[in-house]
Amino acid sequence: MSTITIKPLVPVEDALRGDRPIRVLFVCLGNICRSPLAEGVFRHHVDRAGLTDRFEIDSAGTGRWHVGEPPDPRMRGTARDRGLSIDDQRARQAQGTDLRYYDHIFTMDRSNLHDVLFLDPQGANSYRVRLFREFDPDPEDYQVPDPYSGQQEGFDLVFNIVDRTSAVILSKLTDAYQLRA
Ligand code: 4NP
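Cut-offs applied
- Residues numbered from 1 in each chain as written.
- Predicted model: local features only at pLDDT ≥ 70, side-chain atom pairs only at ≥ 80, totals over all residues.
- Heavy atoms only, no water.
- Near = heavy atom within 4 Å.
- Polar contact = N/O pair within 3.5 Å; in protein donor to acceptor, adjacent residues only side chain to side chain.
- Areas by Shrake-Rupley, 256 points an atom, 1.4 Å probe, with all protein chains shown as cover.
- Nonpolar A, V, L, I, M, F, W, Y, C, P; charged D, E, K, R; others polar.
- Core = buried A, V, L, I, M, F, W, Y, C linked by side-chain atoms within 4.5 Å.
- Buried < 20%, exposed > 50% of the residue type's maximum accessible area, 1.4 Å probe, protein only.
- Helix = DSSP H or I, 4+ residues; strand = E, 2+ residues; numbered from the N terminus.
- Contact = heavy atoms within 4.5 Å.
- Expected span 1.5 Å × (residues − 1).
- Phe/Tyr/Trp six-rings, centres within 6.5 Å; stacked < 30°, edge-to-face > 60°.
- Lys NZ or Arg CZ within 6 Å of the ring centre and 35° of its normal.
- Salt bridge = Lys/Arg side-chain N within 4 Å of Asp/Glu carboxyl O.

Undergrad: Describe the site of the ligand, and please don't skip the residues or the numbers.
TA: Contacts to the ligand come from Cys28, Leu29, Gly30, Asn31, Ile32, Cys33, Arg34, His66, Asp146 and Tyr148. Within the backbone of Asn31, one N or O atom sits 3.2 Å away from an oxygen atom of the ligand. One nitrogen or oxygen atom from the side chain of Asp146 is found 3.4 Å from an oxygen atom belonging to the ligand. Here the ligand, which alone exposes 350 Å², has 88% of that area covered by the protein. Its residues assigned to classes, the shell around the ligand comprises five nonpolar, three polar and two charged.

So, in structure tokens, the structure goes:
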């Protein structure tokens, strides 16, 4: 388990009482492969922990090519094989307001991190943005590899990375906000 921590960015008392959900956003390039999977897998972990109403979860892409589309059929198939449906999601583009609205923003790679920070030129909310794989116990180069132009193995690898890392992120947030189901 990594020793890195997440600081609470919503008043802990509000999160504890459930007055205000903790808003979490996952960002990749197209919002059709990695970040929709992260949204679905993280939500699954949250639901299983009995914390559904404590979180507001979304995903977005830095690019706009796939806006309005469902996730890539290969990513949907990989999710389905592991017992999860991400079929109902639709791609959207990340925007500057996301950096004010979401409390914790996790980007899939360094290029996404750069592009998200570019949406916040004053840097007022950059403290909300982290590399997703900072929380991976086996982080390699700290980036979730883009599976879009590759083979099925790439999608399976993304699932494994996203699944174990989402579990750590939920555990860190649960600790930070002292959440109990
Ligand atoms: P994602 O994958 O960022 O994980 O959604 C990609 C999807 C589409 C493209 C690139 C990456 N694209 O170039 O269209």
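We are not done yet, so read on.
Undergrad: An account of the nonpolar core is needed here, citing residue identities and associated values.
TA: Counting 40 residues, the largest nonpolar core has Phe26, Leu37, Phe42, Phe55, Phe132 and Tyr177 as the members making the most contacts within it. Among the elements of the structure, helix H1 (12-17), strand E1 (22-28), helix H2 (34-48), strand E2 (55-61), helix H3 (73-81) and helix H6 (152-176) are those that each provide at least two residues to this core. The leading source of residues in this core is H6, at ten residues. Beyond its immediate sequence surroundings of up to four residues, Phe55 is in contact with Pro21, Ile22, Val24, Phe42, Val46, Leu170, Leu173 and Leu179. One finds Ala60, Ala94, Val116 and Val129 within the second-largest nonpolar core, a separate group that totals eleven residues.

Undergrad: Break down unusual backbone geometry for me, citing the residues and quoting the values.
TA: Despite not being glycine, Tyr142 shows a phi value in the positive range, around 70°. Mapped onto the secondary structure, Tyr142 falls in the loop between strand E4 (129-131) and H6. Using a relative accessible area of 34% as the deciding quantity, one classes Tyr142 as partly exposed.

Undergrad: If you had to explain H2 to someone new, which residues and values would you point to?
TA: The terminal C-alpha atoms of H2 lie 21 Å apart, and with 15 residues this matches the ideal 21 Å at 1.5 Å per residue to within 8%. Within H2, eleven of the 15 residues are buried, leaving the element largely enclosed by the surrounding structure. Among the residues of H2, those classed as buried are Arg34, Ser35, Pro36, Leu37, Ala38, Glu39, Gly40, Val41, Phe42, His45 and Val46. Among the structural elements, E1, E2, H3, helix H5 (110-118) and H6 are those in contact with the buried residues of H2. Among the residues trailing H2, Gly50 stands out with phi positive, at a value near 75°.

Undergrad: I'd like a rundown of the side chain of Thr174, residues and numbers included.
TA: Relative to the elements of secondary structure, Thr174 occurs in helix H6. One polar contact links the side chain of Thr174 to the main-chain carbonyl oxygen of Leu170, over a distance of 2.6 Å. Aside from chain neighbours lying at most four places away, what touches Thr174 is Leu51, Leu179 and Arg180.

Undergrad: Tell me about the packing of aromatic side chains, and name the residues and values.
TA: For the structure shown, the criterion picks out six aromatic pairs. Measuring from centroid to centroid gives 5.9 Å for Phe26 and Phe132, while their planes differ by 80°, and the two rings are edge-to-face. Note that Phe26 is positioned in strand E1 and Phe132 in the loop between E4 and H6, a separation of 106 residues in sequence. Across the pair, exposure class does not vary: Phe26 and Phe132 are buried alike. Considering the side-chain rings of Tyr101 and Tyr102, the 5.0 Å spacing of their centres and the 80° angle between planes classify their relative orientation as edge-to-face. Given the relative accessible area of 6%, Tyr102 is considered buried. A cation over an aromatic ring shows up here: Arg23 above the ring of Tyr101, its NZ or CZ 4.0 Å from the ring centre.

Undergrad: Give me the environment of His66: which residues, what numbers.
TA: Assignment of secondary structure puts His66 in the loop between E2 and H3. C-alpha separation for the pair His66 and Asn31, spaced 35 residues apart in sequence, amounts to 7.3 Å. Discounting residues that sit within four places of it in the chain, His66 has contacts with Gly30, Ile32, Ala91 and Tyr148.

Undergrad: Tell me about the pattern of salt bridges, and please be specific about residues and values.
TA: Enumeration according to the criterion identifies 14 salt bridges in this entry. Close ionic contact of Arg20 with Asp103 constitutes a salt bridge, the shortest N to O distance being 2.9 Å. Residue Arg20 is found in the loop between H1 and E1, and its partner Asp103 is found in the loop between helix H4 (98-101) and strand E3 (104-107); the two are separated by 83 residues along the sequence. Arg20 gets classed as partly exposed once you look at its relative accessible area, which sits at 22%. Between Glu134 and Arg130 there is a salt bridge, with the nearest N and O atoms lying 3.3 Å from each other. Each of the salt bridges in this network shares a partner with another, and the network as a whole consists of Arg133, Asp136, Glu140 and Arg164.

The quantities given are spatial measurements derived from coordinates; they are silent on function.
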